[in-house]
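For reference, the chains in residue letters:
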Amino acid sequence: MEFDIGTIKHLGLQMYSTLPPVLAELVSNAWDAGATRVSISIPVGVFSGSSTIVVSDNGDGMSDAEIRDGYLVVGRDRRLSEESDKRNTPPFRKYMGRKGIGKFSGFGIARRVEVESCKDNEVSRFIMDYDQLVQAARRREIEFDELPATGVVSQGTRITLSSIQKYKRRSVSIGQLRRSLARRFSVIGEDFEVIVNDDPITPEERDLHGLLATDRSGSAYLWTLDEEIVPDSGWRVTGWMGALRSQDAATEDITRGVVIMARGKLVQEPFLFGVNPAQQYALAYLVGEIHAEFVDQDEDTVSTARNGLVWDNEANDALMKWGKTKIQQVAREWAERRRQDNLNALEQNELYVKFKQEASKSSNQRTAKAADKLIRDLISRNPDDTPRDVAKVVEWSLDYLEYDAFWELAEEVRQTDIYDAERLISLFREWEIVEAKEMARVTEGRIETIRKLQELIANNALEVPTLHKFLKEFPWVLDPRWNLIGDEVTYSSLLRERFPEAQTILAEDKRIDFLCVRESDTLVVVEIKRPQSVASMKELTQIEKYVMFLRSHIRQSTDPEFSFTKVIGYLLCGRIAAGYEPEEKVGILRNSQIYVRLYKDLLSMVEKSHSEFLEKYEQLREIRDRQ
């Protein structure tokens, strides 16, 4: 084989650094070889120095001459030399491979790639050793020793990866690997079987339709596509886009965005056609699959890494413009459909049904109509289901329908920005009787909340969603002024993608999650560390970077739905590292509205707030008793 070591480093070690794309290249080669079955053997559990990954197929196989003159020719376009010859003989397939570099993908995770192939009872076997390639780099050619047949391969090709470097003392999630392979090939199940550890991948494993959100009538949030992107161009796309269910554990490991397929294989990993996800709430849930054969037909427009398209030709540029327009259209339709669906849900809400019944009996119909409009406005302007908020407003409205002054209060609330929670609550609490009744509920709830927080800290709160959900439900634990917040999933995802956490961080110092929430017109960024974590200069500087990044991002956003007047930050951790620099840094951050909260301080702060609530409640109860 004639080669350039720099090419192999780039096409093997650097470009294929994870297992799914490595295996995808080998599966593609099997498809091009006419295979109907590909078997993959992956170690279960922690990899060791002797672990191997084996990929075998029942395809055409290769003779010695085909290996020398075809397989070992770097950069050979197999489509030009073979595809036209096979169009009239089964299986009638379009080749997936094109660049002649898939043979090097194994070097992305392993040092040795063994090839054994059988064609017409002739068996060829040899090993490509990366270290030997490096030694032969100056000669720019290498001769591989011919090895005796193992007796295992009677038809097709068997690739064995050994001396695996990427997964030493680690394990591979077989489930995630299966899902990744399933989503990379649309031909699985069409006279083509991919088997992982003796268990065939099913077409259902790549079908996300079952995970899409549905409306109250049971119809999925799904948009089917079949259109020509430019009239009379012949550039046709088919496929679908849809919205996943929100807050669903089954969708957590699914990358948001639309994939593009051509010739039965993924050519563009999930993306959003350049649409800013921060400008459309729906894009936090958008997934889809588009088939566009023209992107890999006459001209090679697939990137070298085979995971994205090159967009600088006429057809692909037209596809990008079409996709951007289509995604924006889907996002708008999703938002309107969700709004209407929420209104439909409101009609079935037990509290709202009770309110309508009571309102119909009220002698004060002006107040009843104002309250009804308030409740409907709250739901229609919020794209997420908000049962807790609805319940609170409906309860208030039920309690005070007969008060004539409530009409003025309801009208004022309707004219207030629904997202201005602090203003909304303060308007209701202008009535002392409302505050007295609400204070009773708050006091009882906060007593229980203190107990729950103490339990979480005592148990070190190791589960990822635990503290996230707790702080979202009880935001006043971080700041006593907060009573109502909105979860900003888009910004949480944006931070996780922009600032991935290094694998080398000690377990006790790893972050649990990002929590991005909306508090009135403020975006609040909370980095949640474990209760035993230590915040050093590195962690303090990092929370500053998160806030500065989002402040810059917000300034560039033009969508009024995602406009904020400021961004503030909180770092929730166990303790601050000793020394002058960390202590000084905490003060500097505080001046920039970035705060460090220690778990022990949360408890004392909540307990202090609790004592004040008890004292206030006693005063308000006397007021209530006089009513």
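A brief structural summary.

### What to know about unusual backbone geometry
Part 1 of the reasoning: Here S163, not a glycine, exhibits a phi torsion of approximately 50°, which is positive.
Part 2 of the reasoning: Of note, S163 is situated in strand 5 (residues 156-164).
Part 3 of the reasoning: S163 gets classed as partly exposed once you look at its relative accessible area, which sits at 28%.
Part 4 of the reasoning: With a phi angle near 70°, D198 is a residue other than glycine that sits in the positive phi range.
Part 5 of the reasoning: Following the sequence through the fold, D198 ends up in the loop between strand 6 (193-196) and strand 7 (199-200).

### Here's the deal with empty space enclosed by the protein
Part 1 of the reasoning: Enumeration over the complete set of coordinates arrives at two cavities of 30 Å³ or more.
Part 2 of the reasoning: Computed from the structure, the second largest cavity encloses a volume of approximately 30 Å³.
Part 3 of the reasoning: Around the second largest cavity, the lining residues are W223, G242, A243, A282, L283, L286, V330, A331 and W334.
Part 4 of the reasoning: Sorting the residues of the lining of the second largest cavity by element identifies strand 9 (236-243) and helix 7 (314-348) as the ones contributing at least two each.
Part 5 of the reasoning: Of the residues contributing to the lining of the second largest cavity, the split by class is eight nonpolar, one polar and no charged.

### Considerations on the packing of aromatic side chains
Part 1 of the reasoning: Within this structure, the stated rule accounts for twelve aromatic pairs.
Part 2 of the reasoning: These aromatic residues form a ring-pair network of at least three members: F271, F273, W311 and W322.
Part 3 of the reasoning: Its guanidinium or amino end placed over the ring of Y71, K103 lies 5.5 Å from that ring's centre, counting from NZ or CZ.

### Some remarks on the environment of T238
Part 1 of the reasoning: Within the secondary structure, T238 is located in strand 9.
Part 2 of the reasoning: On the basis of relative accessibility, which here comes to 31%, the residue T238 falls in the partly exposed class.
Part 3 of the reasoning: As a C-alpha pair, T238 and A292 span 54 residues in sequence and 7.0 Å in three-dimensional space.
Part 4 of the reasoning: Residues in contact with T238, not counting those within four places in the same chain, are L225, D226, E289, I290 and H291.

### So, the sheet that holds strand 1 (residues 37-41)
Part 1 of the reasoning: Spatial strand order, 4-3-5-2-1-6-7: seven strands in an open sheet with mixed pairing. Whereas interior strands pair on both sides, the edge strands pair on one side only; in this sheet they are strand 4 (122-129) and strand 7.
Part 2 of the reasoning: Sheet analysis places strand 1 next to strand 2 (residues 53-57), joined by four bridges and oriented antiparallel. For S41, the partnering residue across the bridge sits in strand 2 and is V54.
Part 3 of the reasoning: Strands in contact with helix 2 (residues 19-32) are strand 1, strand 2, strand 5 and strand 6; relative to strand 2, the strand with the most contacts, it is inclined by about 20°.
Part 4 of the reasoning: Across the sheet, helix 3 (residues 64-71) lies against strand 3 (110-119), strand 4 and strand 5, angled at about 40° from strand 4, the strand it touches most.

### A word on the side chain of E25
Part 1 of the reasoning: Residue position: E25 is located in helix 2.
Part 2 of the reasoning: The class of E25 is buried, set by a relative accessible area of 8%.
Part 3 of the reasoning: At a separation of 3.3 Å, a polar atom in the side chain of E25 contacts the side chain of K265.

### Examining the pattern of salt bridges
Part 1 of the reasoning: Applying the stated criterion to the full structure yields 15 salt bridges.
Part 2 of the reasoning: For R140, the salt bridge goes to D4, with nearest N and O atoms at 3.1 Å. One end of the pair, R140, is in the loop between helix 5 (130-135) and strand 5; the other, D4, is in the segment before helix 1 (5-14), with 136 residues separating them in the sequence.
Part 3 of the reasoning: Using a relative accessible area of 46% as the deciding quantity, one classes R140 as partly exposed.

### Overview of the packing of helix 7 against helix 8 (residues 350-361)
Part 1 of the reasoning: Put simply, helix 7 and helix 8 touch, their axes get as near as 5 Å, and they point 65° apart. On the basis of the axis angle, helix 7 is roughly perpendicular to helix 8. Between helix 7 and helix 8, the contacting residues are L346, E347 and Q348 on the first element and E350, Y352 and V353 on the second.
Part 2 of the reasoning: Split by residue class, the contact of helix 7 with helix 8 holds three nonpolar, one polar and two charged.

### Details of the nonpolar core
Part 1 of the reasoning: Counting 54 residues, the largest nonpolar core has L19, L23, I40, I42, I53, M128 and L133 as the members making the most contacts within it.
Part 2 of the reasoning: Ranked by the residues each element gives to this core, the list is headed by helix 2, at eight residues.
Part 3 of the reasoning: The contact partners of L23, leaving out residues within four places of it in the chain, are I40, I42, I53, V55, L177 and L181.
Part 4 of the reasoning: If you look at the next biggest cluster of nonpolar residues, it comprises 38 residues, including M241, L283, A292 and W322.

### A look at the side chain of D129
Part 1 of the reasoning: Structurally, D129 can be placed in strand 4.
Part 2 of the reasoning: For D129, a relative accessible area of 9% puts it in the buried group.
Part 3 of the reasoning: Once residues within four sequence positions are removed from consideration, D129 is found in contact with F107, R111 and R112.

Reading the values: rules and limits
- Residues numbered from 1 in each chain as written.
- Predicted model: local features only at pLDDT ≥ 70, side-chain atom pairs only at ≥ 80, totals over all residues.
- Heavy atoms only, no water.
- Helix = DSSP H or I, 4+ residues; strand = E, 2+ residues; numbered from the N terminus.
- Buried < 20%, exposed > 50% of the residue type's maximum accessible area, 1.4 Å probe, protein only.
- 1 Å grid on protein atoms, 1.4 Å probe; cavity = no way out; pocket = protein on both sides within 12 Å on 5 of 7 lines; lining within 4 Å.
- Points joined across faces, edges and corners; volume = space filled by probe spheres on them.
- Nonpolar A, V, L, I, M, F, W, Y, C, P; charged D, E, K, R; others polar.
- Phe/Tyr/Trp six-rings, centres within 6.5 Å; stacked < 30°, edge-to-face > 60°.
- Lys NZ or Arg CZ within 6 Å of the ring centre and 35° of its normal.
- Contact = heavy atoms within 4.5 Å.
- Pairing = 2+ DSSP bridges.
- Axes fitted to C-alpha atoms, helices over the stretch in contact; angles between N-to-C directions.
- Polar contact = N/O pair within 3.5 Å; in protein donor to acceptor, adjacent residues only side chain to side chain.
- Salt bridge = Lys/Arg side-chain N within 4 Å of Asp/Glu carboxyl O.
- Parallel < 35°, antiparallel > 145°, perpendicular 65-115°, else oblique.
- Core = buried A, V, L, I, M, F, W, Y, C linked by side-chain atoms within 4.5 Å.

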